[in-house]
There are 2 protein chains.
Amino acid sequence: MPTEVIYLKGMNKKARDNTPQNITFEGKRSTSYDVARVAGVSQSAVSRCFKPGASVSAKTRAKVESAAKALGYQPNAIARGLISGRSNIVGVLITELTNLNYPQILAELNRKFDEKNIHILLFTLDSESDVDKVLEKVWQYQVDGIIAAAQFTDTQISACQDRNIPLVFYNRLYPQNTVSSVCCDHYEGERSLVEGLLNNGRKSFVVMSGPIDSSVSTARTKGAVAQLKGLPVDMVELEGDYSYERACSLTRDVMGSANPKPDAFVCTNDIMALGCLDTLRIEYRAKVPKDISVVGFDGVDAAAWLNYDLTTVIQPLERMVEAAVDMLLERIENPELPSEKRLFAGSIRHGSTAQLD
Amino acid sequence: MPTEVIYLKGMNKKARDNTPQNITFEGKRSTSYDVARVAGVSQSAVSRCFKPGASVSAKTRAKVESAAKALGYQPNAIARGLISGRSNIVGVLITELTNLNYPQILAELNRKFDEKNIHILLFTLDSESDVDKVLEKVWQYQVDGIIAAAQFTDTQISACQDRNIPLVFYNRLYPQNTVSSVCCDHYEGERSLVEGLLNNGRKSFVVMSGPIDSSVSTARTKGAVAQLKGLPVDMVELEGDYSYERACSLTRDVMGSANPKPDAFVCTNDIMALGCLDTLRIEYRAKVPKDISVVGFDGVDAAAWLNYDLTTVIQPLERMVEAAVDMLLERIENPELPSEKRLFAGSIRHGSTAQLD
């Protein structure tokens, strides 16, 4: 069985013959030279057959395909990437993978990239402060571009730009002109939910934020606060962490001490809203939405479950992912394209946990 | 700014000089030759500094590190992979990414591999029948190994073996000696749940399976059926699809027609158990667990929510992932290692939706 030797494109015969054995691969893969020999064509003809868009006659293609099939030949994407400058790998940096929203995002990203024969090298972050550590690793792979669902500093953004690696942020907004992003309009989504609650006569609000370093939660919280500020209503801001358990415990704190009791809980994600709702109903026998309204944000599956039917804002996840993929691919093709920011409006899900007027 | 040229290890000076310009990279990355020049050392000394375990003096290392920092040099992992035969990339094939369990698996996998500086190239499958299509793509990357949470045919397993790519299955069991896998003992977990229900006096069972092509669901269903067969109890098998919605609709079918009504719903995953539970309580005012028991399988977050407190079997996910990663890494280091199957017992979560005696 032949061992595979990587001959760089354009390397002349002499260089090839001089290439020592220790750069061969382990394994028994057939090479393009084996295919060329069996097909009775040149190696460059074989190479063209596996290069999208390259010119090759139908006759040659038929011979090459038949030989390749017989030999079990597969072009090596990594080697081709070294030569073409394209790896067909995109780095995806993502925090909070256990957040119920992320698996859907990842599945969508994978589906869209897959259509273009591009694959995802996955980097998950425990917290947004790990970006530096992860980027050190990203540089070591020849990724064609990066989708980041994590917060970068200006220095980190510049580092990508210096390396000519196109970068599109997912659900992160940056004021800078030079940064591309797709984002749900968290601020306006939350603001309009709160406006609906106000119009329905709610007067005493609890706003439960997510983790302090989450820019998404910050935008949602700001939207709620902006709508309430200056009005003759009560407002308490509580720091949650997006988890069900913490939402339960914050809800207990409020219900055990606040006087008068709040009549609206504005939770900046669905999971917290579900924890709040369960606590109110099960531990305090609260009538939702008659006495207390509860709203979430995201549109996770569980929001639509019979027991919850949560009033929330649905992010147009599929459209957002499609936009992020399109924007990144365009910039991989043409790195000179100006940056672009796309902001998608969320849609309100009118459930039975809050009435909005 | 210098452009980067990939010089294969051991290529002699003449070959290097003959290497034409068209194999250069786009971009402005510094090369190990630039670092060597600035540090006043040989290129091979630079190379050794970035190779784990290679011998290099402290003095040389200091010079190289300072030069590398000044030039923003990063060793190219892909090029290094071509030379060493190792890419430090592992392919992960996974179905049903939107299944609530998978994000946790993926996060765990990533955490464990990350400790070894290995990264995940992610391939998601819409259904298990897409394996062939995905493997075609996997071959094109020089993955060091594969973790598969999907069902392979014998031919597909052989294809990995022929290519010397170590393969470890996650939650898939194969009778063949040659296949390595980690698996939760789905059969025994489900059987013991049903045994507990029988001991508690349940007499009329509904067993709700997952998708017909899921081997995990099949093992769970078989465990339930094996425990019930031959006993003087009623049993109905229904084909679900692991989804909340389908579980609701199957529960309605049963409650609307069965006579006598069942007193135990054995759902082969938690999400279906939650749909079943909501339907029973909300639409049929059923007393759970007094009149009807409901059990799930998996131990998803929502199973522990106040409103559910589901009786279920918890998979030891973290230990399973750790075992899968260890087994794969061992086989990447030493491909001659015999295959191994590790079967982990699930632990019963005694919630309030079923009493087990």
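Criteria and cut-off values
- Here the residue index of a chain counts from 1 through its sequence in written order.
- For this description, chains carry letters from A and ligands carry numbers from 1, given in the order in which they are written.
- At least 70 in pLDDT is required for a residue's local features to be given in this predicted model, at least 80 for side-chain atom pairs to be given and counted, and no such filter applies to totals for whole chains, interfaces and linings, which use all residues.
- Numbering of helices and strands runs from the N terminus, with a helix taken as a DSSP run of H or I at least four residues long and a strand as a DSSP run of E at least two residues long.
- The exposure scheme places C-beta atoms from the backbone and then counts, for each residue, the other C-beta atoms within 10 Å of its own, assigning buried at 20 or more, exposed at 12 or fewer, and partly exposed in between.
- To estimate how far a helix should extend, the number of its residues minus one is multiplied by 1.5 Å.
- Note that contacts rest on C-beta atoms placed from the backbone: two residues are in contact if these are within 7 Å.
- Note on terminology: a nonpolar core is any set of buried Ala, Val, Leu, Ile, Met, Phe, Trp, Tyr and Cys residues joined through C-beta atoms within 7 Å.
- DSSP calls a pair of strands paired once it identifies at least 2 bridges connecting them.
- Axis definition: a line fit to C-alpha positions, over the contact stretch in the case of helices; interaxial angles, taken between N-to-C directions, run 0 to 180 degrees.
- The quantity known as pLDDT measures the predictor's confidence residue by residue, on a range of 0 to 100.
- Each angle gets one of four labels, with under 35 degrees taken as roughly parallel, over 145 as roughly antiparallel, 65 to 115 as roughly perpendicular, and the rest as oblique.
- Handedness of a crossing is defined here by the sense of rotation of the near helix relative to the far one, left-handed for an anticlockwise turn of less than a right angle and right-handed for a clockwise turn.
- Throughout, the ten residues Ala, Val, Leu, Ile, Met, Phe, Trp, Tyr, Cys and Pro are labelled nonpolar, Asp, Glu, Lys and Arg are labelled charged, and all others, Gly among them, are labelled polar.

Asker: What is the right way to read the overall build of chain A from this model?
Answerer: Helix and strand counts for chain A stand at 13 helices and twelve strands. A buried classification covers 50% of the 357 residues belonging to chain A.

Asker: I would appreciate a short explanation of helix H12 (residues 270–284) of chain A in the present structure.
Answerer: Side chains three or four residues apart in an α-helix point the same way, a direct result of the helix having 3.6 residues per turn. All names here are of chain A. Its 15 residues give H12 an end-to-end C-alpha distance of 20 Å, which sits within 8% of 21 Å, the value for a rise of 1.5 Å per residue. For H12, the tally of buried residues reaches eleven of 15 residues, placing the bulk of the element in the interior. Looking only at H12, the buried set comprises Asp270, Ile271, Met272, Ala273, Leu274, Gly275, Cys276, Leu277, Asp278, Thr279 and Leu280. Contacts made by the buried residues of H12 are with strand E6 (204–209), helix H11 (244–257), strand E8 (264–267), strand E9 (293–295) and strand E10 (312–314). Within two residues after H12, Arg285 carries a phi angle of roughly 50 degrees, on the positive side.

Asker: So what exactly am I meant to see when it comes to the nonpolar core here?
Answerer: If you look at soluble globular proteins, the nonpolar side chains tend to sit buried side by side. Core analysis: the largest hydrophobic core is formed by 92 residues, its most contacted members being Ala324 of chain A together with Ala324 of chain B. Phe265 of chain A together with Ala264, Tyr308 and Leu310 of chain B belong to the second-largest nonpolar core, a separate cluster that totals 78 residues.

Asker: How should the sheet that holds strand E6 (residues 204–209) of chain B be read in this particular structure?
Answerer: Where strands meet in a sheet, backbone hydrogen bonds hold them as pairs that are either parallel or antiparallel. Residue and element names in this part refer to chain B. Taken together, the four strands give an open sheet; going across it, the order is E7-E6-E8-E9, and neighbouring strands pair in parallel fashion. The sheet is open, and its two borders are formed by strand E7 (234–239) and strand E9 (293–295), each paired with just one other strand. Across this sheet, the average inter-strand angle for adjacent strands is 15 degrees, counted without regard to direction. Bridging between strand E8 (residues 264–267) and E9 involves three bridges; their strand directions are parallel. Looking across to E9, one finds that Ala264 is bridged to Ser293. Strand contacts of helix H12 (residues 270–284): E6, E8 and E9, with the helix running at about 155 degrees to E9, the strand carrying the most contacts.

Asker: Looking at this model, I keep getting lost on helix H6 (residues 102–115) of chain A. Mind explaining?
Answerer: With 14 residues, H6 of chain A should reach 20 Å at 1.5 Å per residue; the first-to-last C-alpha distance of 20 Å fits that figure. Turning to H6 of chain A, its buried residues are Pro103, Gln104, Ile105, Leu106, Ala107, Glu108, Leu109, Asn110 and Phe113 of chain A. For H6 of chain A, the secondary structure elements touched by its buried residues are strand E1 (89–95), strand E2 (119–125), strand E3 (145–149) and helix H13 (317–333) of chain A together with helix H6 (102–115) and strand E2 (119–125) of chain B. At the C-terminal side of H6 of chain A, Asn117 of chain A shows a positive phi close to 60 degrees.

Asker: Mind showing me how you'd approach the sheet that holds strand E3 (residues 145–149) of chain B here?
Answerer: Pairing is mixed in the open sheet, where twelve strands are placed in the order E11(A)-E5(A)-E4(A)-E3(A)-E1(A)-E2(A)-E2(B)-E1(B)-E3(B)-E4(B)-E5(B)-E11(B). Each edge of the open sheet is held by one strand with a lone partner, namely strand E11 (341–344) of chain A together with strand E11 (341–344) of chain B. With direction set aside, neighbouring strand axes in the sheet form an average angle of 20 degrees. With four bridges connecting them, strand E5 (residues 180–184) of chain B and E11 of chain B associate as parallel partners. Looking across to E11 of chain B, one finds that Ser181 of chain B is bridged to Lys341 of chain B.

Asker: Where do I start with the confidence of the model for chain A in this structure?
Answerer: Detailed reading of predicted coordinates is not advised where the pLDDT is low. In the predicted model, chain A carries a mean pLDDT of 85, and the fraction of residues at 70 or more is 86%. Note that pLDDT drops below 50 for residues 1–28 of chain A; the model gives that stretch 53 contacts with residues more than four away or on any other chain.

Asker: Can you walk me through the packing of helix H2 (residues 32–39) of chain A against helix H4 (residues 58–71) of chain A in this structure?
Answerer: The description of two packed helices rests on the angle between their axes and on the distance between the axes. Residues and elements named next belong to chain A. Packing of H2 against H4 leaves a shortest axis separation of 9 Å and a crossing angle of 120 degrees. When the axes of H2 and H4 are compared, the pair comes out oblique. H2 and H4 meet at a crossing whose hand is right-handed. Contacts between H2 and H4 involve Asp34, Val35, Val38 and Ala39 from the first element and Lys63, Val64, Ala67, Ala68, Ala70 and Leu71 from the second. Partitioning the contact of H2 with H4 into residue classes produces eight nonpolar, no polar and two charged.

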